[in-house]
Amino acid sequence: MSVPVAGLPPRLALSAFAGAGRFCVLGSGAARWRGVRAGHRRGLSDHLQLVPSQGFRDSPSWLPKYRSEPKSYVTSPKLATTLVQILKKERKNPDQLFLECNPGPGILTQALLESKAKVIALESNRTFLPHLESLRKKVNGKLEVVYCDFFKMDPRNFGIVKPPIMISETLFRHLGIEAVPWSEDTPLRVVGIFPAKNEKKILWKLLYDLYSSTSVYSYGRVELNMFITEREYEEPWSSFGVYGQSGRQEKLKNKKPLEQINKQVGQNMCLIQLTPLPNLFTENLTSVNYDVFFHMLKQCFMKRHFKLMDHLQLLSPVNATAILKQIEKHGDMKITDLYPQDFKQLFETIECSKESCRWLFDDCMEEMIM
C-alpha cells in the first residue's frame, strides 16, 4: 500500500497521535493533558511531583566509561521511582505487563519489578544482557529478557531478519502473548526512550502501525510511554498549546526539564503517553483507508497558511460549503487554528458523503512511501 509521509513536520506527527488517544506530557514535577477533550482524560492528575528514591540501588559500577555519549536508558533511581508512580497510578492490577525498551543497567526494570509488575526487557546492547539475565533469575518468572530492538521491530522492507531486529508475531508467540479485541483494555504497556537520531522516523513508523493495526497494534490497544527530546516536542506544543482540565487552551509557562534524564542525554526530555481510544476506528475511518487520512493531513500542512476553504477545494470535489456547515467551522480559518480532533471529524465527514468521487490526489504525493 502506498502511503504519503515524507517531509511531514513533527507537529503533524504529534497532532495525529493526539487524535488517536490519550496524550500526556511530563515536565519537571508536572504532567498535563494535551490534545484530548476533558471527557477523555482520566487516570493521571494534572500535577505530579518528583519524589525521593526509596530503597533503590545506585547505578552499577560497571556502566560504560564514556559517559559523555548519549544514553538511551534510565540511570537515576529517583527518576525510576517517579516513572513507576506515574505508570502505576491508574492501574488497579498489580500484575500489569510492561515491555521495556533498552533497559540498560536495569534501574527502571528493578523499580517496576518491586512494584509487582511483570516486565519483558527488550535489550539491543549485548553488554547489558548478562546483568539482566542475573536479575531475571532472582525474580521468579516476573522478568523475561530478549535480545531485541523494539524500535527496529517489523521493518517495512525486510527479507531475512536477525536479532536484535525481530518480527513482533514471532516475539509475541515466543512470549505467549495473545491478541485481544480492540474494545478491551490494553494488553501491555511499552516504556522507553526514543533514540535521538531517529525520533521523527520512529514516531511515524508507530503512527502507521497504529492506524493500520499492524505490528504490536495487531495485538490490541498497546499503550506507549516514551521520552522524546524537547526539540521534537517543542513545535507542536507551541502550535497547539495545552488543553487543561477545563478543556480550554492554556499557555505553558516556565516549563522545566526532568533534571535526572536531562543530565543523562544532554538535552531536555518530555514524556509522552499514548493509549489508543476504543473508538479510534469508525465506519468512515478504518485500518484500510487510513492512508487517505494521512494524505489529507500532509496536504493540509504542506500549505499550512491556506484557509480551510481553500484546502477543501484542493482536497475534495465534495461541496466545501456543505462540509464546513456539517463540521461547524468557518472557511476563513487556518489549518493551524484547528484542534487535532477536528482533522478526524473533517475526514469522516467527507468520507460519509454520497459523492462517488470524494478525494483529489496529487500524483507526486501518491508516490511517496514510508
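Trainee: So what exactly am I meant to see when it comes to the overall build of the protein chain here?
Mentor: Within the protein chain, the regular secondary structure consists of 13 helices and ten strands. For the protein chain, the exposed area adds up to about 17400 Å²; of that, 49% sits on carbon and sulfur atoms.

Trainee: Would you mind showing me how to read unusual backbone geometry here?
Mentor: Most peptide bonds take the trans form, and the phi angle of most residues other than glycine is negative. The omega torsion across Pro163 and Pro164 is 15°, close enough to zero to call that bond cis. Relative to the assigned elements, Pro164 resides in the loop between strand 5 (143-147) and helix 5 (168-175). Residues other than glycine seldom take positive phi values, yet Lys116 does so here, at roughly 75°. Locating Lys116 in the fold gives a position in the loop between helix 3 (107-114) and strand 4 (118-123). For Lys116, a relative accessible area of 57% translates into the label exposed.

Trainee: Explain the packing of aromatic side chains to me, please; I cannot follow it from the model alone.
Mentor: When we look at a pair of aromatic rings, we describe it by the centre distance and by the angle of the planes. Applying the stated criterion across every chain, the model contains 17 aromatic pairs. Members of the aromatic cluster, each reached through a chain of ring pairs, are Trp182, Trp204, Tyr208, Tyr211, Phe281, Tyr290, Phe293, Phe294, Phe347 and Trp359.

Trainee: Teacher, can you tell me more about the pairing of strand 7 (residues 223-229) here?
Mentor: Residues in a regular strand point their side chains to alternate faces of the sheet. Burial within strand 7 is extensive, with seven of its seven residues counted as buried. The two faces of strand 7 match: Glu223, Asn225, Phe227 and Thr229 on one face and Leu224, Met226 and Ile228 on the other face are all buried. Taken together, the five bridges between strand 6 (residues 189-193) and strand 7 define a ladder with parallel strand orientation. In the sheet register, Val191 faces strand 7, and the bridge partner there is Asn225. Crossover connection from strand 6 via helix 6 (residues 199-212) to parallel strand 7: handedness right-handed. Here strand 7 runs beside strand 10 (residues 269-276); their pairing, made up of six bridges, is antiparallel. Bridging across to strand 10, Phe227 finds its partner in Leu271.

Trainee: Teacher, can you tell me more about the pairing of strand 4 here?
Mentor: Judged by how many residues are buried, strand 4 sits mostly within the fold: five of six residues are covered. Handedness of the crossover joining strand 4 and strand 5 through helix 4 (residues 129-136): right-handed.

Trainee: Explanation requested: the nonpolar core in the structure shown.
Mentor: The tendency in soluble globular proteins is for nonpolar side chains to be buried side by side. Within the largest apolar cluster, 63 residues are counted, with the highest numbers of intra-cluster contacts made by Phe150 and Met296. Residues within four places of Met296 in sequence aside, it is in contact with Leu315, Phe343, Leu346, Phe347 and Trp359. Of all hydrophobic cores here, the second largest spans 28 residues; its members include Val74, Ala80, Ala117 and Leu132.

Trainee: I tried to follow the pattern of salt bridges on my own but got confused; where do I start?
Mentor: Close approach of charged atoms lets side chains of opposite charge pair. A complete count under the given rule lists eight salt bridges for this structure. A salt bridge links Asp209 to Arg156; its shortest N-O distance comes to 3.3 Å. Highlighted residues: Asp209 in helix 6 and Arg156 in the loop between strand 5 and helix 5, separated in sequence by 53 residues. Where Asp342 meets Lys329, a salt bridge forms, and the shortest distance between an N and an O atom there is 3.2 Å. Here Asp342, found in helix 12 (residues 340-351), pairs with Lys329, found in the loop between helix 11 (320-327) and helix 12; they are 13 residues apart in sequence, far enough to count as distant. With a relative accessible area of 24%, Lys329 lands in the partly exposed category. What you see here is one network of salt bridges that share partners, running through Arg156, Lys205 and Asp209.

Trainee: Explanation requested: the state of the cysteines in the structure shown.
Mentor: Cysteine pairs can be covalently joined through their sulfur atoms, and such a bond is termed a disulfide. Summed over the entire model, instances satisfying the criterion amount to zero disulfides. For Cys148, which is in no disulfide, the shortest distance to another cysteine sulfur is to Cys101 and amounts to 8.6 Å. Relative accessible area serves as the criterion here: at 0%, Cys148 is assigned to the buried category.

Trainee: What is the right way to look at helix 9 (residues 290-302) in this model?
Mentor: Given 3.6 residues per helical turn, the α-helix brings residues three or four places apart onto the same face. Compared with an ideal rise of 1.5 Å per residue, which puts 13 residues at 18 Å, helix 9 spans 18 Å between its outermost C-alpha atoms and is within 8% of the ideal. Counting buried positions over the 13 residues of helix 9 gives twelve, a clear majority of the element. All buried positions along helix 9 are accounted for by Tyr290, Asp291, Val292, Phe293, Phe294, His295, Met296, Leu297, Lys298, Gln299, Cys300 and Phe301.

Trainee: Honestly, helix 5 in this entry has me stumped. Any pointers?
Mentor: Among the residues of helix 5, those classed as buried are Ser168, Leu171 and Phe172. One side of helix 5 holds all its buried residues, which, seen down the axis, span an arc of 90°. Along helix 5, the residues that are exposed and aim more than 90 degrees away from the buried face are Arg173 and His174. The first or second residue beyond helix 5 is Gly176, which carries a positive phi of 75°.

Trainee: Mind showing me how you'd approach the packing of helix 9 against helix 12 here?
Mentor: Axis angle and axis distance: for two packed helices, these are the angle between their axes and the distance between the axes, and together they describe the pair. At their nearest, the axes of helix 9 and helix 12 sit 10 Å apart, and the two run at 120° to each other. When the axis of helix 9 is compared with that of helix 12, the two are oblique. Where helix 9 crosses over helix 12, the handedness of that crossing is right-handed. Each of Val292, Phe293, Met296, Leu297 and Phe301 in helix 9 lies in contact with helix 12, whose residues at this interface are Phe343, Lys344, Leu346 and Phe347. Among the residues making up the contact of helix 9 with helix 12, the classes are represented as eight nonpolar, no polar and one charged.

Analysis parameters
- Residues numbered from 1 in each chain as written.
- Predicted model: local features only at pLDDT ≥ 70, side-chain atom pairs only at ≥ 80, totals over all residues.
- Heavy atoms only, no water.
- Helix = DSSP H or I, 4+ residues; strand = E, 2+ residues; numbered from the N terminus.
- Areas by Shrake-Rupley, 256 points an atom, 1.4 Å probe, with all protein chains shown as cover.
- Buried < 20%, exposed > 50% of the residue type's maximum accessible area, 1.4 Å probe, protein only.
- Phe/Tyr/Trp six-rings, centres within 6.5 Å; stacked < 30°, edge-to-face > 60°.
- Pairing = 2+ DSSP bridges.
- Right-handed = clockwise from strand over helix to strand, strands pointing away.
- Core = buried A, V, L, I, M, F, W, Y, C linked by side-chain atoms within 4.5 Å.
- Contact = heavy atoms within 4.5 Å.
- Salt bridge = Lys/Arg side-chain N within 4 Å of Asp/Glu carboxyl O.
- Disulfide = S-S within 2.5 Å.
- Expected span 1.5 Å × (residues − 1).
- Arc of directions from axis to C-beta.
- Axes fitted to C-alpha atoms, helices over the stretch in contact; angles between N-to-C directions.
- Parallel < 35°, antiparallel > 145°, perpendicular 65-115°, else oblique.
- Left-handed = near helix turned anticlockwise from the far one by under 90°.
- Nonpolar A, V, L, I, M, F, W, Y, C, P; charged D, E, K, R; others polar.

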